[in-house]
Every structure is written in structure tokens, then in C-alpha cells.
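Listed below, chain by chain, are the residues.
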Amino acid sequence: MKAMILAAGKGTRVRPLTYELPKPMIPILGKPVMAYLVEHLQRHGVSEIMVNVSYLHEKIEEYFGEGHQFGVQIGYSFEGYINEQGEVVPEPLGSAGGIKKIQEFGGFFDETVVVLCGDALIDLDLKSALYEHRRKGAMATVITREVPLDKVSSYGVVVSDEDGRVREFQEKPSRDEAKSNCASTGIYLFEPEVIDLIPSGQVFDIGSELFPLLAQRGLPFYCQTRKFNWIDIGSVKDYWEVLQGVLTGGIGNMTVPGVQVEDGVWVGLNTSIDWQGTRIVGPVYIGSGCRIEAGATIIGPTWVGHGSQISSGARVVRSVLFEYTRVLSDATIDELIVFKDYSVDRAGEMHHVSQADCGGWMNARDRRVDRRSEENVAK
């Protein structure tokens with residue numbers, strides 16, 4: 001079985017994280033979410049993986065290379081062009097259009113292929129799903145999960161008969177319009193014949209265009225509603241909740257890295273903590289090369305990325321700090337994700353560091369504040 005990871009989107013709902021990172025590169029426990037997918041595929045015997053890339057494509061390609069460190073082979077299909085100024089312009093072809101481009105270029109999809117969205121954590125038994133797909137003689141299979149009715153508007157909804165044959169596919173219907181609460185998880189099994197139905201040279205989407213086409217034509221298109229861990233990072237709120245869940249142990253098969261130095265407190269290598277007057281209430285992870293000054297307060301669940309500094313008197317509460325974040329003295333970071341010059345709260349409201357009332361954080365590698373303080377003392 002071969003695999004395709006969809007990784008060409010901009011991830012607008014996860015900004016500001018995706019200002020400088022493509023969505024599949026967003027870290028969970030310090031590792032890109034797509035790396036978990038690649039490892040999962042390798043464990044299930046998948047050795048050949050194609051990835052369609054577009055927005056910030058070089059970040060994905062530089063990290064994963066040709067896949068040797070994961071025990072697989074990885075190839076890439078770039079979607080975009082170079083303009084007259086010599087600039088690379090991303091231009092995604094849609095989830096189905098990207099698959100068609102790969103097939104027309106080199107005929108990669110010559111057997112059953114598993115297609116995965118590159119922004120979710122899963123532990124699906126792929127071998128069992130493949131067995132069911134083949135047992136039913138399916139041309140296409142979509143893996144579904146039941147979701148609450150008030151959540152259906154965030155997903156593609158599958159309507160099927162008792163045998164699992166898909167009769168209709170609704171793309172993000174309202175609660176009143178939804179005919180089912182079985183949501184597509186963005187995990188598909190396709191035979192090569194499915195790809196033949198995708199039009200050439202145009203933007204084409206799996207959920208809103210390919211699936212309705214399969215259902216309308218009455219082709220052997222099935223769904224499998226399975227129970228498995230499926231953590232979709234669709235928004236900043238999702239991301240914040242995922243990391244909170246990981247730190248509290250609520251997500252199976254994921255453990256906090258580092259060494260546990262106190263109850264609920266894990267640290268990476270070469271991290272300096274001055275415990276005088278400092279209060280740390282777990283679960284908290286403090287990455288390598290961090291400095292926690294005397295009198296700081298950290299309340300978990302909190303993740304502090306490597307190279308960060310929590311200054312004396314600062315408070316960090318239930319937050320996620322990306323690498324090299326310096327929280328200034330007496331500042332408070334409360335239920336925020338801090339990514340370089342931006343912070344975003346649980347509701348998705350974003351602020352630039354210049355907008356913060358207290359200017360509560362900065363780049364930990366920037367020592368200009370120290371220099372200015374020294375100049376003021378000299379005066």
C-alpha cells in the first residue's frame with residue numbers, strides 16, 4: 001500500500017502559527033504533526049509516500065528530505081509557479097487536483113493508496129481498514145467518526161446505507177441540514193480508478209467535488225465508521241486543547257519528553273531553574289536550554305519551548321510558548337499561545353507584541369533590553 005499526505009494548504013485558521021510554518025509542521029511535543037503521520041504509516045508497512053506541497057513548501061522538504069530517517073521513501077509534488085520577478089508563488093490544486101497531478105506526472109498510484117490530511121494525529125489500524133475496503137470491493141473508502149450534531153458544520157458529513165455504501169456527501173452542512181453525524185476524518189482509501197475520474201489541469205476538491213461525483217454515479221464508494229484516536233488541528237483552539245491534553249495525559253501513546261525533576265515538571269537538557277521564590281505547578285514541560293529566574297511562576301498545563309527565558313516575577317499560566325520566547329519581568333501570560341511576535345488566545349484572537357499593554361514577551365535571543373537597562377544605569 002502506498003500513501004499520499006495532503007500538505008499544500010495555507011492553514012489560515014491556525015494563524016499566526018502558519019505565518020512561518022506550513023500547517024503539517026506545527027509541533028506537538030516538539031515534533032511536527034506530519035512526522036507522527038509518517039511514523040504511523042511506516043509502522044503499518046507503508047514505505048512509499050507522496051506529499052503535495054505549496055505554501056512554505058521548503059520547510060516540509062528540508063525537514064523530511066527523502067524520508068530515510070523514518071525508514072520510508074518520500075517524494076514531493078510542488079503546486080505553484082515562478083512569476084516574472086523570480087518569486088515562487090504557491091497555487092494549490094485542491095486535494096483531488098494535487099493527486100491527479102502526481103498521477104499524470106509519473107503514474108505513482110498503481111495500487112491501493114491511503115490518503116491522509118497532514119494536520120491530524122491518528123492511531124487508526126490501517127491494515128484492518130484496508131482489509132474491509134477490499135472485502136467490500138470498494139473503489140473508494142472514507143473513514144468516518146461520529147461527532148456531536150452541533151459540530152457537523154465543521155466537517156464533511158457522510159450519509160450511507162446499512163452496508164456502509166455512501167449515498168450522499170454533505171460538505172460542512174448546518175445542524176438543521178445535516179442528514180448524518182458521521183464526519184469524514186480526512187482519511188481515504190482509493191483505487192487507481194478513482195483518480196481517473198478527477199479532471200486534469202484544474203482545481204478539484206475531494207470532499208466537495210470528488211465524493212459527490214462518486215455518490216451520484218453509484219460507484220462502489222463506502223464509509224467505515226471506526227473508533228480510534230483522531231485529533232484534528234483545525235484551529236488555534238484545537239491546537240491549544242491538544243497540547244493541554246498531551247500534558248495532562250489525556251491523549252494515549254503520547255508522553256512528555258525530558259526528565260521529570262519534580263512532580264509533574266519535565267525539563268530538557270541544560271536547563272537552568274533558580275528555585276528561590278519560584279513556583280511551578282505541573283504539568284509543565286520546560287525545553288532544553290531554558291532559563292527560569294528566581295521568583296517566576298509557571299502554572300500548568302504549560303509548554304515552554306527550548307531556549308526560552310521566564311524572567312523574575314513573570315507568570316505563565318496554562319500557555320504554550322514557542323522556542324526562544326522571553327517573558328519579561330512581572331508580565332503575565334495567561335492561556336495564550338506565544339509564537340515569535342504574536343500571541344493568540346483560546347478564542348483565536350491574535351495580538352502583535354507591539355499591541356500588548358505590558359509588552360510582556362520578546363525574542364529571548366534579543367539582548368537589546370539588557371543593553372538599554374545598562375545604559376540607563378550608567379546615566
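Placed above this text is the structure.
Our subject in this report is the structure included herewith. (Residues numbered from 1 in each chain as written. Predicted model: local features only at pLDDT ≥ 70, side-chain atom pairs only at ≥ 80, totals over all residues. Heavy atoms only, no water.)

## Observations concerning the packing of aromatic side chains
For clarity, the cut-off: Here is the rule: rings of Phe, Tyr and Trp (six-membered ring for Trp) pair when centre to centre is within 6.5 Å. Planes less than 30 degrees apart are stacked, more than 60 are edge-to-face, and the remainder are tilted. A 1.4 Å probe rolled over the protein chains alone gives each residue an accessible area, and that area as a share of the maximum for its type sets the label: buried under 20%, exposed over 50%, partly exposed in between.
This model, assessed by the stated rule, comprises 12 aromatic pairs. With a centroid separation of 5.7 Å and an interplanar angle of 5°, the aromatic rings of tyrosine 188 and phenylalanine 190 are classed as stacked. Judged by its relative accessible area of 7%, tyrosine 188 falls in the buried class. You can call phenylalanine 190 buried: its relative accessible area is 1%. Taking 4.8 Å as the distance between ring centres and 40° as the angle between the ring planes, the aromatic pair formed by phenylalanine 211 and phenylalanine 221 counts as tilted.

## Here's the deal with the pattern of salt bridges
We count it as follows: One speaks of a salt bridge when a side-chain nitrogen belonging to Lys or Arg is within 4 Å of a carboxyl oxygen belonging to Asp or Glu. Put simply, DSSP marks the helices as runs of H or I at least four residues long and the strands as runs of E at least two long, and each gets a number from the N terminus on.
As enumerated under the stated definition, the model contains nine salt bridges in all. We note a salt bridge from lysine 179 to glutamate 168, for which the minimum N-O separation is 2.9 Å. Taken together, the residues lysine 179 in the loop between β12 (166-171) and β13 (182-190) and glutamate 168 in strand β12 connect sequence positions 11 residues apart. By relative accessible area, lysine 179 is classed as exposed at 53%. A relative accessible area of 28% places glutamate 168 in the partly exposed class.

## A word on helix α1 (residues 33-43)
Taken across its 11 residues, α1 has eight buried, putting it largely inside the fold. Within the span of α1, buried status applies to Val33, Met34, Ala35, Tyr36, Leu37, Val38, His40 and Leu41. Two residues or fewer past α1, glycine 45 is found with a positive phi of approximately 85°.

## Remarks on the state of the cysteines
The line we're drawing: Two cysteine sulfur atoms form a disulfide, by the criterion used here, when they sit within 2.5 Å.
On inspection of all chains with the given rule, the structure shows zero disulfides. Left unpaired, cysteine 117 is separated from the closest cysteine sulfur, that of cysteine 223, by 17 Å. Given the relative accessible area of 25%, cysteine 117 is considered partly exposed. No disulfide involves cysteine 182; its nearest neighbouring cysteine sulfur is the one of cysteine 223, lying 6.1 Å away.

## Some points on the sheet that holds strand β26 (residues 320-321)
Test applied: Strands were regarded as paired on the criterion that DSSP finds at least two bridges between them. When checking whether two residues touch, look at their non-hydrogen atoms; a contact exists if any pair is within 4.5 Å. Note on method: axes are straight lines fitted to C-alpha atoms, helices fitted across the in-contact stretch only, with angles between N-to-C directions ranging 0 to 180 degrees.
Strand order in the open sheet formed by eight strands is β16-β17-β20-β23-β26-β29-β30-β31, with mixed pairing between adjacent strands. Because the sheet does not close on itself, it has two edges, and the strands there are β16 (259-262) and β31 (350-352). Bridge analysis of β26 against strand β29 (residues 336-339) gives two bridges, and the strand direction is parallel. Bridged to leucine 321 within β29 is valine 338. Lying over the sheet, helix α7 (residues 236-247) contacts β20 (284-286), β23 (302-304), β26, β29 and β30 (342-345), oriented at roughly 105° with respect to β29.

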